[in-house]
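What the coordinates show
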Amino acid sequence: MWCAHVRVERVLLIIFLAWAIFMTGLFVYYFQELTFIRKRYADVLSAYNATLEAYKRLVEKLNKTISEYERMILRVNILINYGNGTLRWHNATRVLAGSTAFEALGKVARVNSTTGAYGVFITGIDGISQNSTCFWVFAVYKRCEAEWGMSTKVDDWCFPGVSADQVVLKDGDTLAFLFYNYAKKGWPPPKPTAS
């Protein structure tokens, strides 16, 4: 009986040693896997942080470019009064800095013109052409510059004494192009209206 008892103890000892070796191997395996995963996580995190920093630099550069672009772009409002009761507003029209009233009009309408000693003379807008009693005039709202020559002011509107290609725009300018019957109504024209 004693012999059987020793055998059982040996078997149990062998089982315990086998289990201990197996568990040690399992522990070593999972420890190595954990170490590998931690290293992989650190690599991925490092790559992510590097990508994030590159992205931040790119966004910063893009914002700077947009800011520079915004300084080069003006937004102006343009009213075309066709003289027959039809009024068309083209608000927040984008033009390049340094653009003229004539160039801005060309962005929103079909324009016919002639060029002479005093600059560009608008002869037609969107198919409505000057005739013996009517012609196109333009005005700038709340801005009248000395370099525009002998301008005519009507309320807050300034009818420049120069052609539309000589009026350089500023951001936020409001322009009105009016088909005006000077033979019937005389000079100056009435203030351009928004209604």
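Residues numbered from 1 in each chain as written. Predicted model: local features only at pLDDT ≥ 70, side-chain atom pairs only at ≥ 80, totals over all residues. Heavy atoms only, no water.

**Comments concerning the nonpolar core**
Note that soluble globular proteins tend to have their nonpolar side chains buried in a common cluster. Residues I125 and F177 are the most contacted members of the largest nonpolar core, which totals 27 residues. Of all the secondary structure elements, the ones that give two or more residues to this core are β1 (73–81), α2 (101–108), β4 (119–125), β6 (134–141) and β9 (174–181). What I125 contacts, discounting residues up to four positions off in sequence, is I80, Y82, L105, A109, R110, W136 and F177. Listed in part, the 9 residues of the second largest apolar core include L79, A139, W157 and L178. (Core = buried A, V, L, I, M, F, W, Y, C linked by side-chain atoms within 4.5 Å. Buried < 20%, exposed > 50% of the residue type's maximum accessible area, 1.4 Å probe, protein only. Helix = DSSP H or I, 4+ residues; strand = E, 2+ residues; numbered from the N terminus. Contact = heavy atoms within 4.5 Å.)

**Overview of the confidence of the model for the protein**
The share of residues in the protein with pLDDT of 70 or more is 96%, and the mean pLDDT across the chain is 90. Mean pLDDT per element in the protein: helix α3 (residues 182–185) is the minimum at 81, and α2 is the maximum at 97. (pLDDT = per-residue confidence, 0-100.)

**Side note on the state of the cysteines**
Defined simply, a disulfide is a covalent bond joining two cysteines at their sulfur atoms. For the structure shown, the criterion picks out 1 disulfide. Between C144 and C158 runs a disulfide, and the two sulfur atoms are separated by 2.2 Å. Here C144, found in the loop between β6 and β7 (152–154), pairs with C158, found in strand β8 (residues 157–159); they are 14 residues apart in sequence, far enough to count as distant. By relative accessible area, which is 1% here, C158 ends up buried. (Disulfide = S-S within 2.5 Å.)

**Description of α2**
Within α2, burial applies to A101, F102, A104 and L105. Viewed end-on, α2 has its buried residues packed into an arc of 160°, placing them on one side of the element. (Arc of directions from axis to C-beta.)

**A look at the sheet that holds strand β5 (residues 128–129)**
In space, the 3 strands of this open sheet follow the order β3-β4-β5, with antiparallel pairing throughout. Either end of the sheet is taken by a strand with one partner, and the two such strands are β3 (111–116) and β5. Direction of pairing for β4 relative to β5: antiparallel, over a ladder of 2 bridges. Looking at β5, one finds that I125 is bridged to I128. (Pairing = 2+ DSSP bridges.)

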